[in-house]
There are 2 protein chains.
Amino acid sequence: MSAQKQLHLNLNFLNAGTFASAWRWPASTPSAFADVQYYVRTAQLAERGTFDSIFLADFPALSDRPDYRPFQSLEPTIVLATIAAATRHIGLIATASSTYNEPYNIARRFASLDHASGGRAGLNIVTTADPVSARNFGLKERLPHRIRYERAAEFADVVKALWDSWEDDALVGDKASARFVDTSRVHAIDHEGPHFSVAGPLNVPRPPQGRPVVVQAGGSDDGKDFAAAHADAVFSVAHSLPDAIDYARDLRARAAVYGRGPDDIRIFPGLVTVIGGTEAEARRREEELWELVPIEYGLGRLAGILQVDPASLDLDKPLPANLALPVDGMQTFFRGALTLAERGNLTVRQLIRAQGGGTGHRIIVGTPEQIADNIAEWFASGAVAGFNVMPDVIATGLEAFVDHVVPLLRRRGIFRESYEGTTLRDHLGLARPERRVPVAARPAPLRSAAR
Amino acid sequence: MSAQKQLHLNLNFLNAGTFASAWRWPASTPSAFADVQYYVRTAQLAERGTFDSIFLADFPALSDRPDYRPFQSLEPTIVLATIAAATRHIGLIATASSTYNEPYNIARRFASLDHASGGRAGLNIVTTADPVSARNFGLKERLPHRIRYERAAEFADVVKALWDSWEDDALVGDKASARFVDTSRVHAIDHEGPHFSVAGPLNVPRPPQGRPVVVQAGGSDDGKDFAAAHADAVFSVAHSLPDAIDYARDLRARAAVYGRGPDDIRIFPGLVTVIGGTEAEARRREEELWELVPIEYGLGRLAGILQVDPASLDLDKPLPANLALPVDGMQTFFRGALTLAERGNLTVRQLIRAQGGGTGHRIIVGTPEQIADNIAEWFASGAVAGFNVMPDVIATGLEAFVDHVVPLLRRRGIFRESYEGTTLRDHLGLARPERRVPVAARPAPLRSAAR
């Protein structure tokens, strides 16, 4: 199996599962969202399915609607460190906010996770758009979109420079000469920018992967430019294959501006899976899950994405005309909802349902064969590296994927039978990056005096 | 064994061991300082010795002298989460800086570690005095001592309020009624202070321990006041039993001001152990370890504590007269060094050695019997709850303590044969704290209008 033909699968591990009603499913345990052993068991199941990685979204506030459903709760690097101790291969991607963290702390935490896991860490950088989080960090209002992305880009620069601050062979550890570290091979970064001043070096040797895998997940113009410059992988939203092809073309064009090739960024659209032994069984499962989602939850969630008052939406009518793209917030999900509603001529109720009670990602409902066919078709287009798999219900939905979809993908020769490497970069077919010498540390380039 | 007679032992886990030369010891592996499996094995060894806890110091910068010795590197909560997965009882205490972190992030991370470990987490709050760290966090200079401690006190208030933001029974998880969390039992904290504005609530249910154990380790007046107000345990410095008795009296008087009793704070002086089968063997071991410490390292470290130029110190003469207590920095170690030098009439070289090449804590060199006698004597004074054990070399020195000192302490009836509870608070004999309702959330007290 060549690197080109290798499909990649990431598990988007949203506590009880993607559907807002997943926790109400018979086999689900409501308290599992805060039980690290539940995360361990699920990661082991994904590892049995030779997934490239698991991914934990994150949000530094109590939000969404905890009265209706579980939420991302335990700090994700704590969860992933626990999982690292109980797994051997699967990649471990956590989300961290560039708006509410210091880059030194994040560079260090993810370098540490990379060491602790033998090179399996990934960092999904988000700018945390919501106003609720802002109030946990000394702000009355969130920062403007552009400022957040400016900060994120500088944040990523600093984090990468810190990961690069140690040369790979700086640790000498020679007992005879009493030389522990060759400090001439450990470098200050002396970063001075509008948002951060960070001297460095990091106090952690260079991570096993050189740099943990950098992931990005926002679909705004600023988000795509950030991904083009910094990301090794993106989690995208695509409701149709033409959308996915457009997205890939756009992202690759932006990446080219930064001198990056079309295969330098792995693209993973979200895919919500509802699997049944027959199509009718799958439809029935979706129906049952849907009936367990309180309609007021779905309505509130949709209103949040559209940034309108829920009372302004009539469940049995189409969306109001002339909804304005939010100047800030979840632009990707906004566009996705409008596109879905328009294409299907949907009522608000139908739209909520088409979004799985508010996930915002494409839903596929069917047999393992149908799902494997669809995955293979998208993969063959070259627009996606694979999928960010979002099981309807974790445990049962993921088990069905691992036991029934994965074998079909293997049979088609597009998905690994077993892990071939040891690091997340190995799984993704990404090279270990060379150390980049910070611009400030290079000899000044010769310049014409005539400027 | 009654709670009163229970000695407590914490392992101060300084990478290769306390001596600067520990990494050069024959059985030591130089790269172990960044190998999480080394931390796991050591924690399992301490758990075999029924230690209450292990403790990881921390420092968000590359400092000390990495050319001469290992340093605290991997982010400690990542290490402790890994250890939690591989141990069952031992408490897990990590250091975090109140100066370079947001309280929401720290409250959440330690609540998560407490959930992940089944109630074994502790948080050692430090203000991070050094100027090197400041430059990794946007500052040219460290903040003044008093400002750091003001911030630390507010930080501790916010963190505790966040841990208390969920009532214990707020999670309903009733599938039939679709009620997940009873949001009337989850409370905003709406903290507004000079250093922080934090709305809350936390996005993590109340930790198993109610609150992770709060630890403090600074000996300045501000540090002791902070401990008196907030700490469940302190890591102190005491070079003699009278010093320990003075310290306990002082701390308990300060705690009384906050309405806290003499037994509300567990006091653990540091104790560097060098153990041999005979006293001569122990002395020889100390001699060998000492000879492996480059003198320029010890001199630099002492000069750092005294905040003087190393060139101003003559190895074969006493300390210069009239050294000024640093207005900022490690006042405890400064005072300790001066006291040691004065009492023993030591030269600079002898002082460096008396400090084990710069640890700053009391060293005991002897047989297991001598060490157990000394521990029992101090414990009987009532001035200490136990010791913050600092093995000369981890692995061999800790093995000697576990296999030879612990059995003697057990035979005397002052140390547990096995763990009796499951949480760190259980081990320490500390009650699970009641939720404190924030002042702002209480009805306003009636006040005389005449002010």
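Residues numbered from 1 in each chain as written. Chains lettered and ligands numbered in written order. Predicted model: local features only at pLDDT ≥ 70, side-chain atom pairs only at ≥ 80, totals over all residues. Heavy atoms only, no water.

Looking at an unreviewed UniProt entry, chain A carries the name Nitrilotriacetate monooxygenase component A, with the source organism given as Azorhizobium oxalatiphilum. UniProt annotates chain A under Sequence similarities (unreviewed entry) with the comment "Belongs to the NtaA/SnaA/DszA monooxygenase family." (UniProt positions renumbered as here; feature names shortened; annotations may be inferred.)

Asks: Teacher, can you tell me more about the UniProt feature "binding site: FMN" (unreviewed entry) in chain A here?
Replies: Under the UniProt annotation, "binding site: FMN" (unreviewed entry) lies at Asp58, Thr95, His145, Tyr149 and Ser220 of chain A. Position of aspartate 58 of chain A among the secondary structure elements: in the loop between β2 (53-56) and α2 (76-84). With near-sequence residues (within four places) excluded, aspartate 58 of chain A lies in contact with Gln72, Pro76 and Thr95 of chain A together with Arg108 of chain B. Within the structure, aspartate 58 of chain A has its side chain in polar contact with the side chain of arginine 108 of chain B (distance 2.6 Å). (Helix = DSSP H or I, 4+ residues; strand = E, 2+ residues; numbered from the N terminus. Contact = heavy atoms within 4.5 Å. Polar contact = N/O pair within 3.5 Å; in protein donor to acceptor, adjacent residues only side chain to side chain.)

Asks: For this particular structure, what's the right way to read the nonpolar core?
Replies: One recurring pattern in soluble globular proteins: nonpolar side chains tend to sit buried together. Within the largest apolar cluster, 232 residues are counted, with the highest numbers of intra-cluster contacts made by Leu9, Phe51 and Phe401 of chain A together with Leu9, Phe51 and Phe401 of chain B. Those residues in contact with phenylalanine 401 of chain B that sit more than four places away from it in its chain are Leu9, Phe51, Thr273, Ile275, Ile371, Ile375, Val389 and Val406 of chain B. Judged by nonpolar contacts, the second largest core, of 20 residues, contains Trp290, Leu299, Ile305 and Leu306 of chain A. (Core = buried A, V, L, I, M, F, W, Y, C linked by side-chain atoms within 4.5 Å. Buried < 20%, exposed > 50% of the residue type's maximum accessible area, 1.4 Å probe, protein only.)

Asks: Got a minute to help me understand the environment of glycine 223 of chain A in this structure?
Replies: Residue and element names in this part refer to chain A. For glycine 223, the location among the structural elements is in helix α6 (residues 221-230). The class for glycine 223 is buried, based on a relative accessible area of 0%. Spatially, the C-alpha atoms of glycine 223 and glutamate 369 are 34 Å apart, while their sequence positions differ by 146 residues. In contact with glycine 223, other than residues within four places in its own chain, are Tyr149, Gln216 and Gly218.

Asks: What is the right way to read the interface of chain B and chain A from this model?
Replies: How big an interface is tends to be stated in terms of accessible area lost as the parts join. With 70 residues of chain B at the interface, the matching set in chain A holds 70 residues. Where chain B abuts chain A, roughly 5,500 Å² becomes buried across the two surfaces, and 62% of that area is made up of carbon and sulfur atoms. On the chain B side of the contact with chain A, Ile78, Lys175 and Phe180 of chain B bury the most area, a combined 14% of that side's loss. Here chain B and chain A share 4 salt bridges between them. Notably, a salt bridge pairs glutamate 192 of chain B with lysine 140 of chain A, separated by 3.1 Å at the nearest N-O pair. The interface formed by chain B and chain A includes 38 residue pairs in polar contact (both at pLDDT 80 or more). At the level of secondary structure, the elements contributing two or more residues to the side of chain B that touches chain A comprise α2 (76-84), α3 (103-116), β5 (171-174), β6 (179-181) and β8 (197-198) of chain B. Grouping the constituent residues of the side of chain B that touches chain A by class yields 39 nonpolar, 17 polar and 14 charged. (Buried area = accessible area lost by both parts, 1.4 Å probe. Salt bridge = Lys/Arg side-chain N within 4 Å of Asp/Glu carboxyl O. Nonpolar A, V, L, I, M, F, W, Y, C, P; charged D, E, K, R; others polar.)

Asks: Explain the packing of helix α3 (residues 103-116) of chain A against α2 of chain B here, please?
Replies: A pair of packed helices is characterised by two quantities: the angle between their axes and the separation of those axes. At their nearest, the axes of α3 of chain A and α2 of chain B sit 9 Å apart, and the two run at 30° to each other. Considering the relative orientation of α3 of chain A and α2 of chain B, their crossing is right-handed. Here Arg108, Arg109, Ser112, Leu113 and Ala116 of chain A of α3 of chain A come into contact with α2 of chain B, specifically with Pro76, Ile78 and Thr82 of chain B. Classifying every residue of the contact of α3 of chain A with α2 of chain B by side-chain character gives 4 nonpolar, 2 polar and 2 charged. (Axes fitted to C-alpha atoms, helices over the stretch in contact; angles between N-to-C directions. Left-handed = near helix turned anticlockwise from the far one by under 90°.)

Asks: Explain the side chain of serine 73 of chain A here, please?
Replies: Tracing the chain through its elements places serine 73 of chain A in the loop between β2 and α2. Judged by relative accessible area, serine 73 of chain A falls into the buried class, the value being 2%. Here asparagine 203 of chain B takes part through its backbone oxygen, which lies 2.8 Å from a polar atom of the side chain of serine 73 of chain A.

Asks: Just checking my understanding: could you explain the pattern of salt bridges for this structure?
Replies: Side chains carrying opposite charge are able to pair once their charged atoms draw close together. Tallied over the entire structure, the rule returns 54 salt bridges over all chains. Salt-bridge contacts for aspartate 52 of chain A lead to arginine 416 of chain A; the nearest nitrogen and oxygen are separated by 2.8 Å. Of this pair, aspartate 52 of chain A sits in the loop between α1 (36-48) and β2 while arginine 416 of chain A is found in the loop between α13 (396-411) and α14 (424-428), placing the two residues 364 residues apart along the sequence. Its relative accessible area of 3% is what places arginine 416 of chain A among the buried residues. Linking aspartate 164 of chain B and arginine 206 of chain B is a salt bridge whose minimum nitrogen-to-oxygen distance equals 3.0 Å. Remark: arginine 206 of chain B occurs in the loop between β8 and β9 (213-216) and aspartate 164 of chain B occurs in the loop between α5 (145-163) and β5; sequence separation between them is 42 residues.

Asks: What is the right way to look at the packing of α6 of chain A against helix α7 (residues 241-257) of chain A in this model?
Replies: All names here are of chain A. Two elements in contact, α6 and α7, have axes whose closest approach is 8 Å; the angle formed by their N-to-C orientations is 60°. Taken together, the axis directions place α6 and α7 in an arrangement best described as oblique. For the crossing formed where α6 meets α7, the hand is right-handed. Contacts between α6 and α7 involve Asp221, Lys224, Asp225, Ala227 and Ala228 from the former and Tyr247, Asp250, Leu251, Arg254 and Ala255 from the latter. Its residues assigned to classes, the contact of α6 with α7 comprises 5 nonpolar, no polar and 5 charged. (Parallel < 35°, antiparallel > 145°, perpendicular 65-115°, else oblique.)

Asks: Quick question: what am I supposed to make of the pairing of strand β12 (residues 362-366) of chain B here?
Replies: Looking along a regular strand, one sees the side chains alternate between the two faces of the sheet. Within β12 of chain B, 5 of the 5 residues are buried, leaving the element largely enclosed by the surrounding structure. Residues of β12 of chain B alternate between two faces, with Arg362, Ile364 and Gly366 of chain B on one and Ile363 and Val365 of chain B on the opposite face, all of them buried.

Asks: In this structure, what is going on with the domain arrangement of chain A? I would like to understand it.
Replies: All names here are of chain A. Each assigned domain of chain A is listed here: domain 1 (3-273 + 362-440) and domain 2 (294-355). On a C-alpha basis, the centroid separation for the pair domain 1 and domain 2 is 28 Å. The interface is formed by 20 residues belonging to domain 1 together with 18 residues belonging to domain 2. Taking both partners together, domain 1 and domain 2 bury about 1,400 Å²; carbon and sulfur atoms supply 55% of that area. If you sort the residues of domain 1 by the area they bury against domain 2, Tyr68, Val237 and His239 come out on top, with a joint share of 34%. Aspartate 243 serves as the salt-bridge partner of arginine 343, at 3.0 Å between the closest nitrogen and oxygen. Counting the contacts that link domain 1 with domain 2 gives 3 residue pairs in polar contact (both at pLDDT 80 or more). (Domains from an automatic or database assignment.)

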